[in-house]
Amino acid sequence: MFKLNNGKTLKWGTFAMMQYCERQAVDLSGLLEQLASLQLNIKTLVAMVIAASDGSWDEAAICDWIDENGGIFAKDGEVVDFVNYVLKNTVVNQSDPIEMAPSEEKKSVSL
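Let me sum up the structure you'll find in this document. (Residues numbered from 1 in each chain as written. Predicted model: local features only at pLDDT ≥ 70, side-chain atom pairs only at ≥ 80, totals over all residues. Heavy atoms only, no water.)

## A look at the packing of aromatic side chains
Evaluation of the coordinates by the stated rule reveals 6 aromatic pairs. For the pair Trp-12 and Tyr-20, a centre-to-centre distance of 6.1 Å together with 65 degrees between the ring planes defines the contact as edge-to-face. Considered together, Trp-12 and Tyr-20 belong to a single accessibility category, that of buried residues. Between the aromatic rings of Trp-57 and Trp-65, the centroid separation amounts to 5.8 Å while the plane-to-plane angle is 70 degrees, which identifies the pairing as edge-to-face. Pairwise contacts between aromatic rings join Phe-2, Trp-57, Trp-65, Phe-82 and Tyr-85 into one cluster. (Phe/Tyr/Trp six-rings, centres within 6.5 Å; stacked < 30°, edge-to-face > 60°. Buried < 20%, exposed > 50% of the residue type's maximum accessible area, 1.4 Å probe, protein only.)

Below, the structure is given as structure tokens:
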């Protein structure tokens, strides 16, 4: 479980991965490919949080949480910590924490 500063928890596990795959219309290999490429856009990040919250957060609440934690391009904080938590619990070979930086080419977050 990933505990947020506001006391709420997010859980990324098999059920969250299934929810994410259904929401994004990808299979498990598609999810793993997205994570391995370390390229996430805002819709992908929001879908990950919705899945990890078991649907208890809506898109507006998630975007507010992102904004309150420095925005999508914050280099540290809860958003980056959550992405690292997802990677650690999904991608076996991900040992180094990631840093967020803007990707000018696709206008997405490069992880």
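## What to know about the environment of Val-83
You can see Val-83 is positioned in helix H5 (residues 78-90). Note on Val-83: relative accessible area 1%, which makes it buried. Residues Val-83 and Leu-45, 38 residues apart in the sequence, show an inter-C-alpha distance of 8.2 Å. (Helix = DSSP H or I, 4+ residues; strand = E, 2+ residues; numbered from the N terminus.)

## Regarding the side chain of Glu-78
Structurally, Glu-78 is set in helix H5. Buried and without a salt bridge, Glu-78 has Lys-3 as its closest oppositely charged side chain, separated by 10 Å. Every residue in contact with Glu-78, bar those within four places of it in the chain, is listed here: Phe-2, Lys-3, Leu-4, Asn-5, Trp-65 and Asn-69. (Lys, Arg positive; Asp, Glu negative; His and termini not counted. Salt bridge = Lys/Arg side-chain N within 4 Å of Asp/Glu carboxyl O. Contact = heavy atoms within 4.5 Å.)

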